[in-house]
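Summary of the model geometry
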Amino acid sequence: MKRTTFYTYMTMATLLLSAAACKKDYQDPSGPSQDQAFSSPQAITNTAVGLQANFVKDRTGLIYTTTTAGSLLSGETFVTNPGNADEGQLGTGGNTVLNNNVIVTGMWGYTNKILFDAENILRATNTVVTDKGYASGLIAYTSIFKALALGVQANFWEQVPDTIGKPDAVSDDVHFIPGKQGYVRAVRTIDNALNTIAANPISTSITPFLPKGVNIVNTLYALKARYALYAGDYTAALDAAGKVDLTAAGVSTFNFNPQVANPIFTLVSSTSNIYQVVDSTMGLPVALEPTPTDARIPFYMTRQATGLKFVINGFFKSNIQPIPIFLPGEIMLIKAECYARTNRLAQGLVELNKVVTKKPADDPFGVGANLLPVAVATIPDLLTQIYKHRRIEMFMSGQEIEDQRRFARPTTERKRNYFPYPFVERNDNPNTPADPTF
């Protein structure tokens, strides 16, 4: 993971050409130099805004790669056109997923790009931006994407880089740590942002320059709850989840327009030429299938009279459909799981049933099961129900494989545990771990 030059925005073609050449040189000769990109508050802000573009845009961004990987590997979706070889590898799974798979390589490249840019933004903000409130906003917004990138790597790879590397460093300067430690790094990043905001509240002067839709503080707490849970820190996860505003005022989304469109709708839903949902079982085994009257089924998929029986709906039904960064139901289920993992069955069941009984009209996004409450007598049964409702409530969220591993679901329910490491990393970094066998 040698980092020899400043990462600039790139197309997937540039990424793949760089990967094929075994280089990590992403300097755009026509773009600004690194010094120019971090020379003023506005220039730093522009770079920070670019983090979101890399996360959401087209087939190259992390929305597409995580949603595609999570849904195909867990059996929520299936490939409709075998000509899409890279998605086809994920749909088949196992050793058919190659180290040069475009989705695997793209996810690895863009998480590292976001991390590299985020580190430069955070470093420059502390020295260039003198307005403490403006700096606080920059640090907090940037930390969201740094945490998300760390979370994506820990979700899909067994081990993750321990640093982003340093400019002009030798190729063996980056070592690897267990993926669970990647979640710990994400939580640490968020804590730094929250401490910064506590010391200097975010100034409204930065608001006009940041993309609309992202509720910065609420997102930080939600992501802290998510990644602290994944790291096994149930106290921190429960505390953070309790601070998330679950009303419409707390909504946080990636917003789109005709120029930067919802990538899953544009590439997948609108054509059905890459993949589609399997059916109303949502990829779950028979014992965990949704109740037929579960109102989340028609939210996430539409039943058709002809052609494919079910097609994608939910957050991927139009080119300008916003995609939530987190769902209120996820936060409720995080609370339920934290209680369950600490042997507090009654409290966990209360939180679970908030999701089970939630009506679509009572959810800011319209996600609601509208079912009768469930009853469980043991912690294992409670955890099984939490897993089931996470998979239904958070359908096609990119979190499926982490959930399957964490809840110790049978490996027959997924196509892989972790991705292999892309050749672009292995060929450049002798510390790259061996590929997982599954």
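Conventions we followed
Each chain has its residues counted from 1, running along the sequence as written. Local features in a predicted model are, by the rule used here, given only for residues with pLDDT of at least 70; side-chain atom pairs are given and counted only at 80 or more, and totals for whole chains, interfaces and linings are based on all residues. Hydrogens and water molecules were not included; the side-chain quantities draw on all heavy atoms of the structure. Strands are runs of DSSP state E lasting at least two residues, helices are runs of H or I lasting at least four, and both sets are numbered from the N terminus onward. Burial classes: relative accessible area under 20% of the type maximum marks a residue as buried, over 50% as exposed, and values in between as partly exposed (1.4 Å probe, protein chains only). By definition in these notes, contact holds between two residues if any of their heavy atoms fall within 4.5 Å. Residue burial considers only the protein chains on display, and all accessible areas are found by Shrake-Rupley using a 1.4 Å probe. A helix is expected to reach a length of 1.5 Å times the quantity of its residues less one. By the criterion applied in these results, polar contacts are pairs of N or O atoms within 3.5 Å in which, for protein atoms, one can donate a hydrogen and the other can accept it, and in which residues neighboring in sequence qualify only through two side-chain atoms. A pairing counts as a salt bridge when a side-chain nitrogen of Lys or Arg comes within 4 Å of a carboxyl oxygen of Asp or Glu.

Looking at an unreviewed UniProt entry, one finds the protein chain named SusD family protein, with Chitinophaga eiseniae as its source organism.

Turning next to the overall build of the protein chain. Along the backbone of the protein chain there are 17 helices and eight strands. By residue count, 58% of the 438 residues in the protein chain fall in the buried class. Taking contacts inside the protein chain between residues at least 6 apart in sequence as the whole, the part at least 24 apart equals 71%. If you sum the accessible surface of the protein chain, you get close to 16600 Å²; carbon and sulfur atoms cover 55% of it.

Here we come to helix H8 (residues 179-199). Compared with the 30 Å implied by 1.5 Å per residue over 21 residues, the 31 Å span of H8 between its first and last C-alpha is a close match. Residues of H8 that are buried: Gly179, Gly182, Tyr183, Arg185, Ala186, Val187, Thr189, Ile190, Ala193, Leu194, Thr196 and Ile197.

Let us now look at the side chain of Thr47. In this structure, Thr47 sits in helix H3 (residues 41-56). The class of Thr47 is buried, set by a relative accessible area of 8%. A distance of 3.1 Å separates a polar atom in the side chain of Thr47 from the backbone oxygen of Ala43.

Right, let's talk about the pattern of salt bridges for a bit. If you walk through the whole model with that rule in mind, you get 20 salt bridges. Residues Arg406 and Glu337 are paired through a salt bridge, measuring 2.8 Å at the closest nitrogen-oxygen approach. Placement of the pair is Arg406 in helix H16 (residues 400-406) and Glu337 in helix H13 (residues 328-341), with a sequence separation of 69 residues. On the accessibility criterion, Glu337 (0% relative accessible area) is buried. Taking the shortest distance from any N to any O, the salt bridge between Arg406 and Glu402 comes out at 3.2 Å. With a gap of four residues between them, Arg406 and Glu402 both fall in helix H16, about one helical turn apart. The class for Glu402 is buried, based on a relative accessible area of 6%. One network of salt bridges, in which partners are shared, links Glu337, Arg341, Arg390, Glu402, Asp403, Arg405 and Arg406.

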